[in-house]
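Residue-level structure breakdown
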Amino acid sequence: MGAFLEAIDLKKYFVIGHEGTVHRTPVTVKAVDGVSFTLQQGETFGLVGESGSGKSTIAYTIIGMYQPTAGSLLFHDLDLFGKGKTRPLALRKQIQIVFQDPGSSLNPRQTIRQILELPLRLHRSSSDLLTEVVRLLELVDLPPAYLYKYPYMLSGGEKQIVAIARALATSPSLIILDEPTSALDVSVQGKIINLLLRLQRELDLSYLFITHDLSLMRNVASRVAIMYLGKVCEIAEMSEFFTHPQHPYTQMLLSSIPVVTEEEERAKPVKVISTGEIPSPVNVPPGCSFHMRCPRAMEICQRVDPAMVSLGEGHTVRCHLFEQSQ
Amino acid sequence: MNKVATNKQNTLAISPEEIRKLAISSRIDMVRRGWYKFSRNTLSMVGLGTVLLIVFLAVFAPWVAPYPAHAGPFTDFAHAGEAPSSAHLFGTDMIGRDILSRVIFALRPALIMGVVVLGLVVPLGVFLGLVAGYAHGTWPDTVIMRITDIFIAVPALVLALAIASVLEPNLTNSMIAVSVMWWPWYTRLVYSLSSSLRNEDFVRSAELMGASNFHILFREILPNFWGPIFTKMSIDMGFVILLGASLSFVGLGEQPPKPGLGTMVAEGADHLPDQWWMVVFPALAIVIVVLGFNLLGDGLHDLLSEEKG
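Once that is clear, we can look at the overall build of chain B. Along the backbone of chain B there are 13 helices and zero strands. In chain B, the succession of helices and strands from N to C terminus is α-α-α-α-α-α-α-α-α-α-α-α-α. Since a compact globule built from 309 residues should have a radius of gyration of about 19 Å, the 25 Å found for chain B marks it as more spread out than a globular shape. Projected onto its principal axes, the C-alpha positions of chain B cover 90 × 50 × 30 Å. Carbon and sulfur atoms make up 69% of the accessible area of chain B, which totals about 15000 Å². On chain B, the mean spot of the 20 positive side-chain charges and the mean spot of the 23 negative ones are 13 Å from each other.

So, about the overall build of chain A. Looking only at helices and strands, chain A has twelve helices and twelve strands in total. For 326 residues, the compact-globule formula gives about 20 Å, and the C-alpha radius of gyration of chain A, at 21 Å, lands near that figure. C-alpha extents for chain A along the principal axes are approximately 65 × 60 × 40 Å. Out of the 326 residues in chain A, the part that is buried amounts to 55%. Look at the contacts in chain A between residues 6 or more apart in sequence, and 62% of them connect residues 24 or more apart.

On the surface, a cluster of negative charge is contributed by A:E262, A:E263, A:E264 and A:E265. As for its position among the elements, A:E263 is in helix α11 (residues 262–267).

Residues and elements named next belong to chain B. Taken together, the side chains of L53, V55, F56, V59, F60, W63 and V64 present a nonpolar region at the surface, about 680 Å² in accessible area. For the nonpolar patch, the secondary structure elements donating two or more residues are α3 (42–59) and α4 (61–64). Take the nonpolar patch: its biggest share by element is four residues, from α3.

Aromatic rings considered in pairs are described by the distance between their centres and by the relative angle of their planes. In the structure shown here, the tally under the stated rule is 20 aromatic pairs over all chains. Aromatic side chains A:F14 and A:Y66 sit 5.0 Å apart centroid to centroid with 80° between the ring planes, which places their arrangement in the edge-to-face category. On the criterion of sequence distance, the pair formed by A:F14 in strand β1 (residues 5–19) and A:Y66 in the loop between α1 (55–63) and β4 (70–75) is long-range, its members being 52 residues apart. Owing to a relative accessible area of 23%, A:Y66 belongs among the partly exposed residues under this scheme. In this structure, A:R87 is placed above the aromatic ring of A:F81, and the distance from its NZ or CZ to the ring centre is 5.3 Å. Stacked on the ring of A:Y60, the Lys or Arg B:R204 has its end atom at 5.7 Å from the ring centre.

Another aspect to go through is the pattern of salt bridges. With the rule as written, the count across this model stands at 18 salt bridges over all chains. For A:D141, the salt bridge identified is with A:R198, shortest N-O distance 3.2 Å. Taken together, the residues A:D141 in the loop between α5 (129–139) and α6 (156–168) and A:R198 in helix α7 (residues 186–203) connect sequence positions 57 residues apart. Since its relative accessible area comes to 18%, A:R198 is described here as buried. With a closest N to O distance of 4.0 Å, B:D93 and B:R102 form a salt bridge. Considered together, B:D93 and B:R102 belong to a single accessibility category, that of buried residues. One network of salt bridges, in which partners are shared, links A:D33, A:K231, A:D305 and A:R318.

Each side of the interface is counted separately: chain A has 46 residues, and chain B has 38 residues. Of the roughly 3700 Å² buried between chain A and chain B, counting both surfaces, carbon and sulfur atoms make up 59%. The tally of links from chain A across to chain B stands at 13 residue pairs in polar contact (both at pLDDT 80 or more). Looking at the side of chain A that touches chain B, the elements with two or more residues in it are α1, α2 (89–92), β6 (95–98), α3 (102–105), α4 (112–123), α5, α6 and α7 of chain A. A per-element tally of the side of chain A that touches chain B places α5(A) first, with eight residues. Per-class residue counts for the side of chain A that touches chain B are 25 nonpolar, ten polar and eleven charged.

Backbone-to-backbone hydrogen bonds pair the strands of a sheet. The strands run either parallel or antiparallel. Residue and element names in this part refer to chain A. The mixed open sheet is built from eight strands, whose spatial order is β6-β7-β8-β3-β9-β10-β12-β11. Edge strands, defined here as strands with exactly one partner in the open sheet, are β6 and β11 (309–310). Sheet topology places β11 next to strand β12 (residues 316–317); two bridges connect them, and they run antiparallel. By the bridge assignment, V309 is partnered in β12 with V317.

Quick look at the confidence of the model for chain B now. Residues and elements named next belong to chain B. Scored by pLDDT, chain B has a mean of 87; 94% of the residues are at 70 or more. Confidence, expressed as mean pLDDT per element, reaches its minimum in chain B at helix α1 (residues 3–7) with 44 and its maximum at α3 with 95. In the model, residues 1–9 has pLDDT below 50 throughout and makes 22 contacts with residues more than four positions away in sequence or in other chains. Among the prediction metrics, the complex's ipTM stands at 0.86, with pTM recorded as 0.85.

B:V178, B:W182 and B:I221 are the most contacted members of the largest nonpolar core, which has 71 residues in total. Ranked by residue count, the leading element in this core is helix α5 (residues 99–134) of chain B, at 17 residues. Judged by nonpolar contacts, the second largest core, of 66 residues, contains A:V134, A:L196, A:C233 and A:C294.

We now examine the state of the cysteines. All names here are of chain A. This structure, assessed with the given rule, holds zero disulfides over all chains. The thiol sulfur of C301 is not disulfide-bonded, and the nearest other cysteine sulfur, from C288, lies at 5.9 Å. Under the relative-accessibility criterion, C301 is labelled buried at 8%. With no disulfide of its own, C319 lies closest to C294 among cysteine sulfurs, the gap being 6.0 Å. Note on C319: relative accessible area 8%, which makes it buried.

With that settled, the discussion passes to the side chain of A:Q160. With respect to the element layout, A:Q160 can be found in helix α6. The contact partners of A:Q160, leaving out residues within four places of it in the chain, are A:V98, A:F99, A:Q100, A:P102, A:P180, A:L184 and A:I192.

With that settled, consider the pairing of strand β8 (residues 206–211) of chain A. Regular strands have side chains that alternate between both faces of the sheet. All names here are of chain A. Where burial is concerned, most of β8 is hidden: six out of the six residues are buried. Residues S206, L208 and I210 point to one face of β8 and Y207, F209 and T211 to the other, with burial holding for every one of them. Here five bridges tie strand β3 (residues 44–49) to β8, and the two strands are oriented parallel to one another. Considered in β8, the bridge of T44 is made with Y207. As judged from the five bridges shared by strand β7 (residues 174–178) and β8, these two strands associate in the parallel manner. By the bridge assignment, D178 is partnered in β8 with I210. Once the chain exits β7 it traverses α7 before rejoining the sheet at β8, and the crossover so formed is right-handed.

The rules behind the values
- Residues numbered from 1 in each chain as written.
- Chains lettered and ligands numbered in written order.
- Predicted model: local features only at pLDDT ≥ 70, side-chain atom pairs only at ≥ 80, totals over all residues.
- Heavy atoms only, no water.
- Helix = DSSP H or I, 4+ residues; strand = E, 2+ residues; numbered from the N terminus.
- Rg over C-alpha atoms; globule rule 2.2 N^0.38 Å.
- Areas by Shrake-Rupley, 256 points an atom, 1.4 Å probe, with all protein chains shown as cover.
- Lys, Arg positive; Asp, Glu negative; His and termini not counted.
- Charge placed at Lys NZ, Arg CZ, Asp CG, Glu CD.
- Buried < 20%, exposed > 50% of the residue type's maximum accessible area, 1.4 Å probe, protein only.
- Contact = heavy atoms within 4.5 Å.
- Patch = residues over 30% accessible without salt bridge, like charges linked within 9 Å, V, L, I, M, F, W, Y side chains within 5 Å.
- Salt bridge = Lys/Arg side-chain N within 4 Å of Asp/Glu carboxyl O.
- Phe/Tyr/Trp six-rings, centres within 6.5 Å; stacked < 30°, edge-to-face > 60°.
- Lys NZ or Arg CZ within 6 Å of the ring centre and 35° of its normal.
- Buried area = accessible area lost by both parts, 1.4 Å probe.
- Polar contact = N/O pair within 3.5 Å; in protein donor to acceptor, adjacent residues only side chain to side chain.
- Nonpolar A, V, L, I, M, F, W, Y, C, P; charged D, E, K, R; others polar.
- Pairing = 2+ DSSP bridges.
- pLDDT = per-residue confidence, 0-100.
- Core = buried A, V, L, I, M, F, W, Y, C linked by side-chain atoms within 4.5 Å.
- Disulfide = S-S within 2.5 Å.
- Right-handed = clockwise from strand over helix to strand, strands pointing away.

This is how it looks when you write it as structure tokens:
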């Protein structure tokens, strides 16, 4: 049996307009440009990156909202975009998503009962929907009194808990968490994270956790991938990632995490001053897309896009620095 | 395999009986809160009172009107053109009919007009708007909205006049005429709302779970628009009645001897200013009807838009 979820050279380009009057060539945004990774059963795979780095596009492609431009996504060796345009229900049921903004992901005109009943109705043969809904609420520690509440009566955190319950309704094996806590207070974030970790233990779930918050990532993920302009820079085990970051971009990100104590300050990599802005994904620079901001850029970086280099034990880096050393 | 169900024991913290009670009590809570919010606004209460009074008068016209016979073919030249008095509170017209009775009876075709027109126009307009908005950017959107634009481009009263004059002048045909020109406004309203709502995460979520288009249109999207739709319906009720009165003013509505508010104003206009009551009271009735539905509409707007929180 192959990997639980495997992305192979996944690409997603968006056509945003056309150039030229006679020969109209499409102008594309390379939101995801050749991303490969594997996700193992039961793990939390973190996807980190700045805004516009393509992490949400990956989430939406896996869930089936977008058709990939090229490459493939294998779920238990089964191509998610294999046959036909619509994904069969049995496959939809396996992969669920929790959106970033709980205010928008719950229908303001439906009661919690109606919201949770929809996935049950579509994916279950059970006749007693109401019992199932109450069980779902119990599973996420919400009292049954919430059955007939409307989303506007709930706090942001509670709404997100309902969204999580809805994702659980189909008994999925993979849940995509698209910045599930970034719209919430820090105190509520902790509660949601603890709930997610407990559910993962109890239900044997795999998470694809998307965030731009590295400190949060440190607490939840078992492996991390760093994305920059639609490409993965570095994939590593959690501990390896924070103790031995290799890619200059990773070092830059990690050295910019705000810390409280001296001890933490020493644990961080040497301060790398971050310069410049993330370039527009419409006009990606040639060669390595990071070369303009990279403190260790070389001549080759401006011409050739580096390939993924394995540093052993599931640690891969996409940088010319390591190609040479091999 | 059912992980969620097997995870917990087969006992629920709440019995089905309690759940039923909970459902009822939350329903009652909603109604009570809604009424509280609505009743705090004096103007909406005035609107509601006016509308209820108008409906009551129209429904029970034969019992409420002082001279029910005057609503039909009736003449009494001995009392023609009398000024308002205790016997005839609104005075009498040129053939001696009691104007108060005729105004009360004229409320019937006015309300029927409003109810029938909106009953035809709202389902059609809302359905087309929903489909076009959800299909935003594709061909159903283009087809529906361009047809809508054509209807909106023609002035409402002119179109209604043209249709009503081609057909035989009576109440039914004037209702058809008004309906033909009224639906595009609902399509426009719902289109603009649904084309923005289709990108909300809860719609995407339902799509991703594999819900049918029917479910998404009518269960996910439409319930969010009841507020604007009901508000517009209430305000439109007044305007449809006004337009019906305009048509009957030029002789295209309810035909004599049946009373129509517009017809009465038209007939009385020849006798201004001396016998002012023939115009003023039917005109006042039109104003009150339109105002009543407008105030009610405002109240509904406040009630239904706040509920979203």
